[in-house]
Amino acid sequence: MIVGIGTDLIEIDRVVKVCEKEAFQIKYFTPQEISLCKTEPKKFADNFAVKEAVSKVFGTGFGKIAPIEIEVLRDPLGKPYVNLYGNAKEMACSMNMSRVWVSITNTNKYVSAFAVGESTS
């Protein structure tokens, strides 16, 4: 059963530019995400869009959860997946959310992310 959906659209260059600052990276991305994005800085924008979309799944935006509590990684085939920590994980449990599905799409200028929270009950 779907318990929440979220979407986001952002300008890639704006996020890549702000991510030139290491302090921003440390505040918003986990060490694994930073490692992933160092080789392809555009992925900072991809991941940030996913974080925004997932925060909307909860219906809170970043009001009750921090972006760093939503980790966005890739499986061996490049498919994005999410790990939740801290308040995000607690909120997911309270919503009976067992999984968050995400999808990312890009143009040269924009990245869009879509997220769906799923409950098994």
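All values derive from a computational prediction rather than experimental measurement. (Residues numbered from 1 in each chain as written. Predicted model: local features only at pLDDT ≥ 70, side-chain atom pairs only at ≥ 80, totals over all residues. Heavy atoms only, no water.)

### Comments concerning the packing of aromatic side chains
Just so we agree on the cut-off: Aromatic contacts are taken between Phe, Tyr and Trp rings whose centres are within 6.5 Å, Trp giving its six-membered ring; a plane angle under 30 degrees counts as stacked, one over 60 as edge-to-face, and the others as tilted. Secondary structure elements are taken from DSSP: a helix is a run of H or I of four residues or more, a strand is a run of E of two residues or more, and numbering for both begins at the N terminus. Residue exposure (1.4 Å probe, protein chains only): buried if accessible area is under 20% of the type maximum, exposed if over 50%, otherwise partly exposed. Should the NZ of a Lys or the CZ of an Arg lie within 6 Å of a ring centre and within 35 degrees of the ring normal, that charge is described as sitting over the ring.
Under the counting rule described, the total for this entry stands at six aromatic pairs. Pairing phenylalanine 24 with phenylalanine 48 gives two aromatic rings, centres 6.3 Å apart and planes at 40 degrees, and the pair type is tilted. One end of the pair, phenylalanine 24, is in helix H2 (residues 22-28); the other, phenylalanine 48, is in helix H4 (residues 42-57), with 24 residues separating them in the sequence. When its relative accessible area of 12% is taken as the criterion, phenylalanine 48 is described as buried. Among the aromatic residues, those joined into a ring-pair cluster are Phe24, Tyr28, Phe29, Phe44, Phe48 and Phe62. Taking NZ or CZ as reference, arginine 99 lies 3.5 Å from the ring centre of tryptophan 101, over its face.

### As for the side chain of glutamate 33
Quick note on the threshold: A 3.5 Å cut-off defines polar contacts: any pair of N or O atoms within that distance qualifies, except that in protein one atom must be a possible hydrogen donor and the other a possible acceptor, and neighbouring residues in sequence count only when both atoms are side-chain atoms. Contacts: residue pairs with any heavy atoms within 4.5 Å of one another.
If you trace the backbone, glutamate 33 turns up in helix H3 (residues 31-39). One polar contact links glutamate 33 to asparagine 47, side chain to side chain, over a distance of 3.3 Å. In this structure, glutamate 33 is in contact with Tyr28, Asn47, Lys51, Ile70, Glu71, Val72 and Leu73, ignoring residues within four places of it in sequence.

### Quick look at the UniProt feature "binding site: Mg(2+)" (unreviewed entry) in the protein
Where we set the bar: UniProt positions are given in the numbering used here, feature names are shortened, and annotations may be inferred rather than shown by experiment.
Here the UniProt-annotated "binding site: Mg(2+)" (unreviewed entry) positions come out as Asp8 and Glu52. Across 45 residues in sequence, these annotated residues keep their C-alpha atoms within 6.1 Å of one another, forming a single compact spot. Not counting residues up to four positions away in its chain, the partners in contact with aspartate 8 are Ala49, Glu52, Ala53, Lys56, Val111, Ser112 and Ala113. Within the structure, the side chain of aspartate 8 is placed 3.1 Å from the side chain of lysine 56, a separation counted as a polar contact. Discounting residues that sit within four places of it in the chain, glutamate 52 has contacts with Asp8 and Phe62.

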